[in-house]
Amino acid sequence: MEFKNITVSWKEYCNISELEQPDIDLLSAAREVSKAAYAPYSGFMVGAAIRLENGVIVIGANVENAAFPSGICAERNALSTASANYPGIRPVTIAISARTSKGLTPEPVSPCGNCRQVIAEEEFRYGKGIKIILGGSSRVRIIENGGDLLPLQFSRDDLKTIP
């Protein structure tokens, strides 16, 4: 038997103002679009903003549905929109922010497992990591690539093992 270990590192900031201006703008866009989320069941409104390699910012918000799991997360909404409207242009950074009826969540919120897998696929597709900015009202976390959020991820290489 061999013991293995996985380590994840991130940068943490106490305030959005500590970020570089392009990251402030992206997180601000995610915070703003979270207000447009349709979340009548959970009351948990999420916004995502993606900066593409060409500088365009694409936004998405979560949309819930009474027929669970027919809704879509903000991250997948934004990534799908980017893929459909800007084919072949790589996502460079994604900012994610969440709010409830009381305002922004104090702590940063990480993407769900489905969204982590979609981010991992985009990284595989373009051969480069996607920087992730997770913004709460009390702190901001920056993870340098989505693979750090989904260690031991399923990939197309795993499909090659199917006989």
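Now for a look at the structure at hand.

What counts and how
- Residues numbered from 1 in each chain as written.
- Predicted model: local features only at pLDDT ≥ 70, side-chain atom pairs only at ≥ 80, totals over all residues.
- Heavy atoms only, no water.
- Helix = DSSP H or I, 4+ residues; strand = E, 2+ residues; numbered from the N terminus.
- Rg over C-alpha atoms; globule rule 2.2 N^0.38 Å.
- Buried < 20%, exposed > 50% of the residue type's maximum accessible area, 1.4 Å probe, protein only.
- Contact = heavy atoms within 4.5 Å.
- Expected span 1.5 Å × (residues − 1).
- Arc of directions from axis to C-beta.
- Pairing = 2+ DSSP bridges.

Moving on to the overall build of the protein. Helices and strands together make up the secondary structure of the protein, namely four helices and seven strands. When its helices and strands are written in sequence order, the protein yields β-α-β-β-α-β-β-α-β-β-α. At 16 Å, the protein has a C-alpha radius of gyration in line with the 15 Å of a compact globule built from 163 residues. A principal-axis box enclosing the C-alpha atoms of the protein has dimensions of 50 × 40 × 35 Å. With 163 residues in all, the protein has 40% of them scored as buried. Of the contacts made within the protein by residues no fewer than 6 positions apart, 65% connect residues no fewer than 24 positions apart.

Time to look at helix α3 (residues 113-126). Given a rise of 1.5 Å per residue, 14 residues ought to cover 20 Å, and the 20 Å separating the end C-alpha atoms of α3 matches this to within 8%. Every buried residue of α3 is accounted for by Cys-115, Ile-119, Ala-120, Glu-122 and Glu-123. Considered in projection along α3, the buried side chains sweep an arc of 160° and stay on one side of the axis. Next to the buried residues of α3 lie α2 (74-85), β4 (91-100) and β6 (131-135). Gly-127, located one to two residues past α3, shows a positive phi value of around 70°.

Relative to the helices and strands, Ala-29 resides in helix α1 (residues 21-34). Sequence separation between Ala-29 and Lys-128 is 99 residues; the distance between their C-alpha atoms is 23 Å. Apart from the residues lying within four places of it in its own chain, the contact partners of Ala-29 are Ala-49 and Ile-59.

So, about the pairing of strand β7 (residues 140-143). Look at any regular strand and the pattern is simple: side chains alternate between the two faces of the sheet. Judged by which residues are buried, β7 turns out to be covered on both faces: Val-140 and Ile-142 on one side and Arg-141 and Ile-143 on the other are all buried. As paired elements, strand β1 (residues 11-13) and β7 share three bridges and run antiparallel to each other. Residue pairing in the sheet places Glu-12 in a bridge with Arg-141 of β7. Two strands pair when backbone bridges link them, and β6 and β7 are joined in this way by four bridges, in the antiparallel orientation. Across the sheet, Leu-134 pairs through a bridge with Arg-141, a residue of β7.

With that settled, the discussion passes to the pairing of β4. With eight of its 10 residues buried, β4 lies for the most part within the structure. Examined bridge by bridge, strand β2 (residues 45-52) and β4 share eight bridges and lie antiparallel to one another. Within β4, the position partnered with Ala-48 by the bridge is Ile-96. Pairing analysis gives five bridges linking β4 to β6, with the strands arranged parallel. Residue pairing in the sheet places Thr-93 in a bridge with Lys-131 of β6. Here β4 runs beside strand β5 (residues 103-104); their pairing, made up of two bridges, is antiparallel. The partner of Thr-100 across the bridge, within β5, is Gly-103.

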